Each structure stands twice: as C-alpha cells, then as structure tokens.
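Secondary and tertiary structure notes
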There are 2 protein chains.
Amino acid sequence: MNDFIYYTPTKVIFGKGSETKVGALIKEQKGTKVLLHYGGGSARRSGLLARIEDSLSEAGIAYTELGGVVPNPRLSLVREGIELCKKENVDFILAVGGGSVIDSAKAIGYGVYHGGDVWDFYNFKRTPEGCLPIGAVLTIAAAGSEMSDSSVITNDETWEKRGVNSNYCRVKFAVMNPELTLTLPAYQTACGCADILMHTMERYFNHGDNMELTDGIAEALMRTVIKNAKILVKEPENYNARAEVMWAGSLSHNGLTGCGTDGGDWATHKFEHEIGAMFDVAHGAGLTAIWGSWARYVCDARLDRFVKFAENVLGIAPRADAAETARAGIEAMEDFYREIGMPVSLTELGIAPTDAQIEKLADQCVASTRDNLGKVRHLAKEDMIAIYQAAR
Amino acid sequence: MNDFIYYTPTKVIFGKGSETKVGALIKEQKGTKVLLHYGGGSARRSGLLARIEDSLSEAGIAYTELGGVVPNPRLSLVREGIELCKKENVDFILAVGGGSVIDSAKAIGYGVYHGGDVWDFYNFKRTPEGCLPIGAVLTIAAAGSEMSDSSVITNDETWEKRGVNSNYCRVKFAVMNPELTLTLPAYQTACGCADILMHTMERYFNHGDNMELTDGIAEALMRTVIKNAKILVKEPENYNARAEVMWAGSLSHNGLTGCGTDGGDWATHKFEHEIGAMFDVAHGAGLTAIWGSWARYVCDARLDRFVKFAENVLGIAPRADAAETARAGIEAMEDFYREIGMPVSLTELGIAPTDAQIEKLADQCVASTRDNLGKVRHLAKEDMIAIYQAAR
C-alpha cells in the first residue's frame, strides 16, 4: 500500500433547491464581488441564473457576468475573464455549469491571483501558489471538477489541451441539485457517466499493492454508476438515479477512489485529451471509444486487477483461464457502453484519423507526459500508435 | 433519498513516518504556540513525543504540554487545558493519541475560543461559534474523531457523558501512521474495530429511502474492517491490516457513510454512553455488549436493511424467510465479535447492573435525547429497559 494525502475541503450542499443558498454560502466565504461564470444560454433559459442572481442580491453581493464557456474550455475566454475580474475587482468566482465551466473558473482564478501569462501553469513553466476562491453550482454530473484539484484548458491558438493540478483551486463549496440535471439530453448524460466511471477506472487500474477499502469503495461506485446509467436511458427524469450519478461524479475524482494506490494509469485520459484537442469530440465519448483497445493491449500486465474488475464490477463468473475472465470483463464493459449509446471505436465516435494524424497524436502524448505514460504498463510511442490504430 | 451536507476539510497525511511532518503542517496553519495534548506515558516511552517535539523545534514552533487524558476523557482535565492555553497564549492544539485525546483537545479548543463554562456546550446551554485550530497525530484507530465533528466528554463531578457536534472543531490535519498502532494490545485493537463498525452501522440502520452509493461504500467498509480485524487477532503487526482499519476508522465517522440517509439510528451509542458514564467500560466493548439485543428488538421494523446487512456484509445466503436471514446476520455479527474477543452481553462486559441501575440508565437516555432516540424504531423508556435487560 502506498502512502497518500487526502484533502477534500469542498463543502457539498446536496439536494433539491440547494442553488438558492449560494448568496449565503458566498457570504460565509467573505466574497463581496462575484464573477458569475457559465456556458451557453440554457442556464439563463431554465431560470437557474435568475434564481442564483436573486440569491446573490438577497445576500447583498454584487456580481458581474461572463458566459460562453464551451466544452473543452478555451484559453481565450479565460484571458477575457481574467481581465474582467481585474477591472471589476472581483474577489469570488461562481461557476454555474459542468466541468468545463468550473475548469475555466479555476484558470481565471489562477490568472487573477498571479498575474503574468496564465498558460504558463498549463505548460509546465510555473506552479500555482494560490487561486481566487471559487464556488460551483453543478449542472452536469461528469468531470468531478467540483471536488477535484484539476483544471483542463484548451489553447485555441495552438490547439493544445493541457491540465494543471493543485489544491489551491479546490472549490470552496459545491451546490449539487440533481433536479438541475433531469432535462439533460441522453447523449450528455451517457458521456457524463462514462467520464465518472473512467475517473475511478483510471485509479483502479494501476500497478501498486492496493488498499482493499479503496478497491471496495471504487467497485461500489462503478456498480452504482453502471446500474443508474442504464436506468437513465429509460427514465431520464428519475431523481434518485440522477442523484446517485451526481454524487458518484464527485467521489470519483476527489481522490477517495485512489487512496493507497500508486496514482493510477491515466493513459486513456491522455489518449482522449489529444483526440479532443485535434477533433473537439465529447470527452466521455472519446474515453469509451479508446478504452477497450487500451484495456486489451495492457491487461496481461495486470491480469489480477482486470479479473477483479470483471468479477466485482460486472458480475462475470470466473472462467477456467484468468485471461478469459479479464477479456469477458472488457467485453461486458463495452456492451454496457453500447447500451447507453456510447461509441467503442473511433469510427463510432465519428472520426477517422489518418496514419499521419495518429503519429501526431502519439507524439503529443509523449511530449505532454515527458514519455511517462501508463502505470499498468508503460506505453512508448509505438504502443500508443498500436492502441490508436486498434481503436479505429 | 435525503438532502445532505458533506464537509470534511481535514487534510489527511497517511503513511509511514508521517508524524515527522507535524512541524511543517502546523506552520502551514500559522500556528506559533502549541499545546501538545496526550494521554498516558506510552507516547513518551515509545519515542513518539520526542519525534514530534523535534519536528516542532525544527519548524521553530514553541510548545507547552498537557498529558494525562484517560478513556472517557474528563471535564476536569479539559478545564485545566483551557487555563493553560490562556496562560501560555496557545494558538494551536496538537492532539497525540486516539479519540479521547482528540475529543479533549476539541473541548479545550471550544473553551479557549469562547470563555465561560465549557460544559455549557455539552449540556445544551450554548452552541459553539468557533474553536481553536487543532491537529492530530492518531495512535489508535477507533473513534474517528480525527475527521468527525464530534467531541464527547465525561463530567467527572456528575458522571454525565455528553457529546457536542459542530464543524468548528474539525481537525485541520490528521497525521495517520499505521506503524504507530502495530503494538496496540489485542483488546484495544478489537475495541477500536468494534467502534469503527458501529459508526457505520449506526448510519446504515436507519429509516430512510437510502442512497445505493452510500450503502455500497458502507458495506465495503464493514467487510474490510471485519476481515482485517480477524487478521489482526493473529497478526497484530500486519501493516496493511492496520492501515485498512485506520483509514476505515476515519471514513466511518467523517459523514461519508451517511450521505443521503436520515442520519442513522445511534441508539446503541446512546445506550453505551450511559453505561460508560456509570461503569467506565471501554467504549467499543460496551457497544458490542448491547448491539445484538438492540438489533433483535428493532429488526422487524426495518427487516429489509437487516437482510441487506446479513447478505452483503456477512455473506449470509438468503433463507426462506426474510426474518430468518436478518437474525442469521445478527448472529454472524455476534460470532465475529466473539472471534475478536469482544463481549456480546453485559455479563461478558464484566458488569451486572441492578434493575434500579437499568432504570436510571434508561432515564438518562430519555433525558439526554429529549425522548427522541432511535430511527429504525423510536425507543421509549420501557423499550430501553427491555433492551438493557435482554443484554444482561
């Protein structure tokens, strides 16, 4: 078992109508001037922003607004947000949306706190030493950014997609009302479930001497998401299923499912990050399109964990040969992805990278990880190319 | 599913040698003058206090000391600690020990912050509005006080044992080195495992419409503790087993295993609190001595959860009749308690309360809960008497 640090200071307010508490929550955090940061117009049309604005006004908190965050959030909008915060003396950022909006808020928070070029933090040139305080009203269960130390931004000049991790950007409070997700389209719901599962699977598949308790928690989380993702295909307005998935999303990426491990593999995420930067696909769908190919390529290096996954998460009965059990588990996972409408190949994802493009994707993976990708099995450039090609 | 707030700001530093980091951790918290608070002489004899003092000195942090905390920590020592902190201008308390020491530190923290009589907080007269910051070096896996919002103190004038809960007393950091627990006596180890299990069982047995994810996490935690408690009977120096139990202890009482429930039952804890105040027994042993009698008395009111517990935690195969499955689960739990050397009756606990004493215990339960004890089933005074008597 590895030593670990566990730090999840985010106060979670979970339940119906919880978004009306944001004014009081920001006051508790001593915020006086807020940047209300969000994505498209749905938060406005649904009345959510109006409810939040009312709550801020009731608490006597001034605010300015910046909408327009897109999936794979853009550096250019982050820069705009930083200038706006400086101009308006903003001392608290309220992110209303999913992971993209929260990640964008974190990047703005870094930029306002430090000055200089914020992209430096995403490009290994500087390490964060602080961040403007951030709160979140979550509208999509997926990225887990509401409790994570992570922020991923796409540079829309170079089309690089890069992440930075630090405790400074941990959200002060996260308001989670599952009702806000009842009307999410089926595809977005499924993408979110895929992302949540992958956050736990990336940690579960590792090369360490694991902690049983962490494994047991991770397996319970994965079983819960698989079961409720299937329910949501048929009953998108099932509150309890939405709530199970939403809470799983936070626990999948706040560190809990990695305690005592070697940190996890994260190769599938890296493969998807590069695909996402080149083709701008939905993150969750990019993950499911590549995972099976990665899993088949590496599973012999950690057969015991793939067998455990097959049996404890997917209910596969043990086969005569452990490798068979492991492969049955991978197939069952792909069957599940298909059942919720997720792609299990790049073709199904709707992209057809050329050999030259695959080589470039692999080059980017090598460069951005300093040739240090994969824990279940280290992956060199030729392994990456083989996995991308197998995923076609 | 119930709405909930989840707030666990404690930074956990888990692993070998982690106690040497306390100086740096207190500096991070801006502490300048520390009260080093501990129990008996074992922390001194083992060299632990010397390593901690070295770490404080290296970080340039001054400290004063107060040892002598006993199980069921006493109000008189809390009062002494409050005076000492005021006299020495202490701005940070470092608790080195288990739940008793941490609970005592929390009480001192309340007292220093507020002034006035600290017992007021334990006696419903005042509500905490702050607390001196506290850090912990955990030496016993049991009470979970290192991540909980709870502090339980015994008034050694009236022999009342009372608890107060607030987020203000949440420990800023918890240093958890399982090595520090390798030499714990078998009885203390087993008492700790019993306490950890009960913190999750009290939440698991409730009357709400539960969250599957919370149930799955709770069941994984209980299975892990049961398995590793048995290992520790034979291999007390098994590091991994100690680590599993230690981490389970924190997660069992930081709120995680109660998310989405109605708050849980807590009757067994209350019964034990009154026994502990009257007879000064070990907390974990007091819990196992009474639990089976409580469970048999109330299980028909929530048969579904007792069946789930039997099947998912104890591996009981479903019987023809659900009540039979539930009872088989209760018996299997008692068998487990016996296997690790814990009592399953008051006689085995070594006490023989008279009828008059049992009536007094029940009166205390009614008074200190304002006649509001039990979620699986509300327990009136006559129910309490019946359960105490059945536990003889």
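Residues numbered from 1 in each chain as written. Chains lettered and ligands numbered in written order. Predicted model: local features only at pLDDT ≥ 70, side-chain atom pairs only at ≥ 80, totals over all residues.

**Observations concerning the interface of chain A and chain B**
Chain A puts 29 residues into the contact, and the matching count from chain B is 29 residues. Put simply, the parts of the chain that give the side of chain A that touches chain B at least two residues each are β1 (4-14), α8 (212-234) and α9 (239-251) of chain A. A total of 10 residues in the side of chain A that touches chain B trace back to one element, the largest contributor, which is β1 of chain A. Residues that form the side of chain A that touches chain B fall into these classes: 18 nonpolar, 5 polar and 6 charged. Relative to strand β1 (residues 4-14) of chain B, β1 of chain A runs antiparallel, the two being bridged by 7 bridges. Bridge pairing links F14 of chain A to F4 of chain B in β1 of chain B. (Contact = placed C-beta atoms within 7 Å. Helix = DSSP H or I, 4+ residues; strand = E, 2+ residues; numbered from the N terminus. Nonpolar A, V, L, I, M, F, W, Y, C, P; charged D, E, K, R; others polar. Pairing = 2+ DSSP bridges.)

**Section: the relation of the copies chain A and chain B**
Under the fitted operation, chain A is carried onto chain B by 0.0 Å of movement along the axis and a turn of 180 degrees, and the coordinates agree to an RMSD of 0.0 Å. The symmetry that links the two subunits is that of a two-fold axis. Of every C-alpha in chain A, the one belonging to P9 of chain A sits nearest the axis of rotation, 1.9 Å from it. Comparing interface residues between copies, 100% of those in chain A also lie at the interface in chain B; the contact surface is shared. (Least-squares fit on C-alpha atoms with pLDDT ≥ 70 in both.)

**Description of helix α13 (residues 322-339) of chain A**
In an α-helix, one full turn covers 3.6 residues, which means residues spaced three or four apart are oriented alike. Look at α13 of chain A: 26 Å from first C-alpha to last across 18 residues, which is about the 26 Å you get at 1.5 Å a residue. Regarding α13 of chain A, the residues found buried are T325, A326, R327, G329, I330, M333, E334, F336 and Y337 of chain A. (Expected span 1.5 Å × (residues − 1). Buried ≥ 20, exposed ≤ 12 C-beta atoms within 10 Å, placed from the backbone.)

**As for the environment of G81 of chain A**
Residue and element names in this part refer to chain A. Structurally, G81 is set in helix α4 (residues 75-88). What makes G81 buried here is the crowd of 25 C-beta atoms within 10 Å. For the pair G81 and E65, spaced 16 residues apart in sequence, the C-alpha separation works out to 9.2 Å.

**Let's talk about helix α13 (residues 322-339) of chain B**
Residue and element names in this part refer to chain B. Taken residue by residue, α13 has T325, A326, R327, G329, I330, M333, F336 and Y337 as its buried positions. The inward-facing, buried residues of α13 abut α7 (186-204), α8 (212-234), α11 (283-298) and α12 (303-312). Phi turns positive one or two residues past the end of α13, at G341, with a value near 85 degrees.

**Focus: the domain arrangement of chain A**
All names here are of chain A. Each assigned domain of chain A is listed with its residue range as follows: domain 1 (11-180) and domain 2 (184-390). Distance between the C-alpha centres of domain 1 and domain 2: 27 Å. With 21 residues of domain 1 in contact, the opposing surface of domain 2 contributes 26 residues. Going through the elements one at a time, β1, β7 (160-165) and β8 (173-176) are the ones with two or more residues in the side of domain 1 that touches domain 2. (Domains from an automatic or database assignment.)

**A word on the packing of helix α4 (residues 75-88) of chain B against helix α5 (residues 99-114) of chain B**
All names here are of chain B. Running from N to C, α4 and α5 point in directions that differ by 50 degrees, and their axes come no closer than 9 Å. The pairing of α4 with α5 is recorded here as oblique in orientation. For the element pair α4 and α5, the recorded crossing hand is right-handed. Where α4 approaches α5, its residues L77, V78, G81, I82, C85 and K86 are matched on the opposing element by S104, A107, I108, G111 and V112. (Axes fitted to C-alpha atoms, helices over the stretch in contact; angles between N-to-C directions. Parallel < 35°, antiparallel > 145°, perpendicular 65-115°, else oblique. Left-handed = near helix turned anticlockwise from the far one by under 90°.)

**Here's the deal with the sheet that holds strand β8 (residues 173-176) of chain B**
With mixed pairing, 12 strands are arranged side by side in an open sheet as β3(A)-β2(A)-β4(A)-β5(A)-β8(A)-β1(A)-β1(B)-β8(B)-β5(B)-β4(B)-β2(B)-β3(B). Whereas interior strands pair on both sides, the edge strands pair on one side only; in this sheet they are β3 (62-66) of chain A together with β3 (62-66) of chain B. The sheet shows a mean angle of 25 degrees between the axes of neighbouring strands, direction not considered. Helix α5 (residues 99-114) of chain A rests against β2 (33-38), β4 (92-97) and β5 (134-138) of chain A of the sheet, and its axis sits at about 165 degrees to β4 of chain A. Packing against the sheet, α5 of chain B makes contact with β2 (33-38), β4 (92-97) and β5 (134-138) of chain B, and its axis sits at approximately 165 degrees to β4 of chain B.

**Digging into the environment of L287 of chain A**
Residue and element names in this part refer to chain A. Relative to the helices and strands, L287 resides in helix α11 (residues 283-298). Since 30 C-beta atoms lie within 10 Å of it, L287 is described here as buried. Linking L287 and E83, residues 204 residues apart in sequence, is a C-alpha distance of 34 Å. Beyond its immediate chain neighbours, meaning those up to four positions away, L287 contacts A194, D195, M198, T268 and E272.

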